[in-house]
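# Structural description and commentary
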Amino acid sequence: MIDYLAVFITFFAVIDPIGTVPVFIAVTREYDQKTKRRIALLATIVAACVLLFFVVIGEIILKALSIPLSAFQISGGIVLFLFALNMIFGDSKPEEEIKFLEDDHKDTAIFPLAVPSIASPGAMLAAVLLTENAIFSLFEQMQTVVVMLLVLVVAYILMLLSGVITRFIGTSGASVVSRVMGLILSAVATTNILTGVSEYYKFLPAS
């Protein structure tokens, strides 16, 4: 039997539903409430599909391409770091770009919300490691998937509640929170890179 609490805590940490809220507020501040709800739902569904993809065939693909998990973690950390820099230094969008985003809110739901905010590189890695075929049975893997989906539901609920948070902090507050979260996210990304480098060199054959 899997340790449900340990798996839940692991996925809660890497998916980070609480940390997703400021990102959601920042990228949806120009949308109405109805559109925000659609974006939250679509982002959650896409993130679930991405993580389920890694559960089912992520390990197979990485092994087929001879890609160590540490290399995947490093590359994921780099992508996450670049997104964090955009959160920190990104300028407010001009009206023309905002109008374009309103017409194409599905793109906003997919990036940056679904990937890499919810289905982060760490979450993808956890999905592979916690359902490793050589260690866990099919039933245990299914239990892990249920716990993972439960964390995604928590993330979805918190995004729906973001409107209440927005009313308290306002647009300027959302901008500040976005930049602060960008700093935190850059630290998380750097940790992923350093951990990946450490794991990679740990398994290198001795010369």
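Residues numbered from 1 in each chain as written. Predicted model: local features only at pLDDT ≥ 70, side-chain atom pairs only at ≥ 80, totals over all residues. Heavy atoms only, no water.

## Side note on the confidence of the model for the protein
Selection rule: Every residue gets a pLDDT, meaning the predictor's confidence in that residue, from 0 to 100. Every helix listed is a DSSP run of H or I at least four residues long, and every strand listed is a run of E at least two residues long, numbered separately from the N terminus. In this analysis, two residues are considered to be in contact whenever any of their non-hydrogen atoms come within 4.5 Å of each other.
On average, residues of the protein score 81 in pLDDT, and 86% of them are at 70 or above. When mean pLDDT is compared element by element in the protein, helix α8 (residues 138-160) scores highest at 95, while helix α5 (residues 95-103) scores lowest at 41. Taken together, the stretch residues 92-103 has pLDDT below 50 and engages in eight contacts with residues farther than four places along the chain or on a different chain.

## Here's the deal with the nonpolar core
Rules: Residues enter a nonpolar core if they are buried and are Ala, Val, Leu, Ile, Met, Phe, Trp, Tyr or Cys, with the set joined through side-chain atoms within 4.5 Å. Accessibility here uses a 1.4 Å probe with only protein chains present; expressed as a share of the type maximum, an area under 20% marks a residue as buried, one over 50% as exposed, and anything in between as partly exposed.
The biggest cluster of nonpolar side chains holds 40 residues, and the ones touching the most others in it are F11, I15 and L51. Among the secondary structure elements, those contributing two or more residues to this core are α1 (4-15), α2 (17-27), α3 (33-64), α4 (69-89), α6 (105-118), α7 (121-129) and α8. Per-element tally for this core: the top contributor is α3, with 11 residues. Not counting chain neighbours up to four residues away, the residues in contact with F11 comprise D16, A123, A126, A127, L130, T144, M148 and V151.

## What about the UniProt feature "transmembrane region" (unreviewed entry) in the protein?
What counts is decided by this rule: UniProt positions are given in the numbering used here, feature names are shortened, and annotations may be inferred rather than shown by experiment.
UniProt records the feature "transmembrane region" (unreviewed entry) for residues 6-27, 39-61, 67-89, 110-130, 142-164 and 176-197 in the present numbering. As annotated, residues 6-27 has a helix share of 95% and a strand share of 0%, and its two end C-alpha atoms lie 31 Å apart. Helix makes up 91% of residues 67-89 and strand 0%, whereas the separation of the span's terminal C-alpha atoms amounts to 32 Å.

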